[in-house]
Amino acid sequence: MRKLQGPTNGKIAVTGSLAFDLIMDFPGYFKDHILPEKLHVINISFLVGDLKKQRGGCAGNIAYTLALLGHQPRVVAAAGRDFGEYAEWLREHGVDTSGVHIFDDETTASCFITTDRADSQITGFYPGAMKRAREISLRNSVEQEHGWVIVAPDDPAAMIRHCCEAREAGLRLVLDLSWQVTAMDGAELLECARGATVLILNDYEFAVFQEKTGRTRNELLAEDLEMIVVTLGDRGSEIYVRSGEQHRIPTAKVGNVVDPTGA
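Below, the structure is looked at part by part.

Definitions and cut-offs
Residues numbered from 1 in each chain as written. Predicted model: local features only at pLDDT ≥ 70, side-chain atom pairs only at ≥ 80, totals over all residues. Heavy atoms only, no water. Pairing = 2+ DSSP bridges. Helix = DSSP H or I, 4+ residues; strand = E, 2+ residues; numbered from the N terminus. Axes fitted to C-alpha atoms, helices over the stretch in contact; angles between N-to-C directions. Contact = heavy atoms within 4.5 Å. Core = buried A, V, L, I, M, F, W, Y, C linked by side-chain atoms within 4.5 Å. Buried < 20%, exposed > 50% of the residue type's maximum accessible area, 1.4 Å probe, protein only. Parallel < 35°, antiparallel > 145°, perpendicular 65-115°, else oblique. Left-handed = near helix turned anticlockwise from the far one by under 90°. Nonpolar A, V, L, I, M, F, W, Y, C, P; charged D, E, K, R; others polar. Phe/Tyr/Trp six-rings, centres within 6.5 Å; stacked < 30°, edge-to-face > 60°. Lys NZ or Arg CZ within 6 Å of the ring centre and 35° of its normal.

**Comments concerning the sheet that holds strand 4 (residues 50-56)**
(1) Moving on: Taking strand neighbours across the sheet as the criterion, the four strands line up as 4-3-7-8 in an open arrangement whose pairing is mixed. Both edges of this open sheet fall to strand 4 and strand 8 (121-126), since each of them pairs with a single strand only. Sheet twist, expressed as the average angle between the axes of neighbouring strands with direction ignored, equals 15 degrees.
(2) Moving on: Together, strand 3 (19-25) and strand 4 form the strand contacts of helix 2 (residues 84-92), whose direction differs from that of strand 4 by roughly 60 degrees.

**Considering the nonpolar core**
(1) Moving on: Counting residues in hydrophobic clusters, the biggest one holds 40 residues, and the most contacted among them are Val149, Leu175, Leu177, Leu199, Phe206, Phe209 and Leu225.
(2) Moving on: Aside from chain neighbours lying at most four places away, what touches Phe206 is Leu199, Leu201, Arg217, Leu220, Ile228 and Val230.

**A word on unusual backbone geometry**
(1) Moving on: Even without being a glycine, Asp119 presents a positive backbone phi close to 65 degrees.
(2) Moving on: On the basis of relative accessible area, Asp119 is assigned to the exposed category, the value being 62%.
(3) Moving on: Positive phi outside glycine occurs at Ser178, with the angle close to 50 degrees.
(4) Moving on: Within the secondary structure layout, Ser178 lies in the loop between strand 10 (172-176) and helix 4 (186-193).

**Here we look at the packing of helix 4 against helix 5 (residues 203-213)**
Relative placement of two packed helices is described by the angle separating their axes and the distance separating the axes.
(1) Moving on: Interhelical geometry of helix 4 versus helix 5 gives an angle of 110 degrees and a closest axis separation of 8 Å. By the angle between their axes, helix 4 is roughly perpendicular relative to helix 5. Judged by the sense of rotation from one axis to the other, the crossing of helix 4 with helix 5 is left-handed. For the pair helix 4 and helix 5, contact is made by Gly186, Leu189, Leu190 and Ala193 and by Phe209, Lys212 and Thr213, respectively.
(2) Moving on: Its residues placed into classes, the contact of helix 4 with helix 5 shows four nonpolar, two polar and one charged.

**A short note on the packing of aromatic side chains**
(1) Moving on: The final tally for this structure, using the stated rule, is eight aromatic pairs.
(2) Moving on: Taking the centre distance of 5.6 Å and the plane angle of 0 degrees together, the rings of Phe26 and Phe30 count as stacked.
(3) Moving on: Relative accessible area serves as the criterion here: at 5%, Phe30 is assigned to the buried category.
(4) Moving on: Seen in terms of ring centroids, Phe26 and Phe46 are 4.7 Å apart; in terms of plane orientation they differ by 55 degrees. Their pairing is tilted. Here Phe26 is found in the loop between strand 3 and strand 4, whereas its partner Phe46 is found in the loop between strand 3 and strand 4, with 20 residues between them in sequence.
(5) Moving on: Exposure remark for Phe26: the relative accessible area of 8% places this residue in the buried category.
(6) Moving on: On the basis of relative accessible area, Phe46 is assigned to the partly exposed category, the value being 26%.
(7) Moving on: By the ring-pair criterion, three or more aromatic residues cluster together here, those being Phe20, Tyr64, Phe83, Tyr86 and Trp89.
(8) Moving on: Taking NZ or CZ as reference, Lys31 lies 5.6 Å from the ring centre of Tyr29, over its face.
(9) Moving on: Here the basic side chain of Lys53 rests over the ring of Phe20, its NZ or CZ set 4.6 Å away from the ring centre.

**Side note on the environment of Gly28**
(1) Moving on: Positionally, Gly28 belongs in the loop between strand 3 and strand 4.
(2) Moving on: On the basis of relative accessible area, Gly28 is assigned to the buried category, the value being 16%.
(3) Moving on: Taking the C-alpha atoms as reference points, Gly28 and Thr115, separated by 87 residues in sequence, lie 9.3 Å from one another.
(4) Moving on: If near-sequence neighbours (up to four positions away) are discounted, Gly28 is found in contact with Asp116 and Arg117.

**Side note on the pairing of strand 8**
(1) Moving on: Bridge count for strand 7 (residues 109-115) against strand 8 is six bridges, and the pairing is antiparallel. Of the residues in strand 8, the one forming a bridge with Thr115 is Gln121.
(2) Moving on: Joining the antiparallel neighbours strand 7 and strand 8 is a turn of five residues, in which Asp119 adopts a positive phi near 65 degrees.

Next up, the structure:
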């Protein structure tokens, strides 16, 4: 394992996955090629009409967006031997990559997404170097002046470690569990959330979180969290604060709808 070099200023650290998204468009419909009576021996190939390889991963996406907002966040994450061009692109766009750990015996995580004309998707995810993120110490990858750390979806063991070390270092924690809420049990979810400044989940994920932990929203705010943000898709989002404040945030109006696959 080796760390990348680069500028080290910035007040926000971002942990999470780094990945390549390989997005393919199938010009037909999956349903036309799947025989229900043969699901037990399914073996189908699709000729795709388009292939795009994009830079992705939760940490990469969040850090790039923060850079657009004028910050220089430091990414603390695991990547493979093929990450060089992606790392250079991040640096060119204002992201501090000095916290990226390169595992030369691994390739960077990759997501393979095929979408048909009905927007149905078949996805495969290869974790690659991401499964080594649990070997990274957040404590040794940030300075006290960072102040804030965002823990985004990653190897579950890494997320737990990063949350614990963020608390120990006195950093304010923004916890974005996202799809990894299904990979952890209730005790692990509470271990991540304990003492966090902000917990972010969509409405379905938050329901899973509450069921697994046995905690209501009010109990979480009273005992563990300062703020909960629940996203509601095209209905915007809701923000709940320990003080009792509640805010409903509408969706932003856009001129053109853009395919968010891989974002």
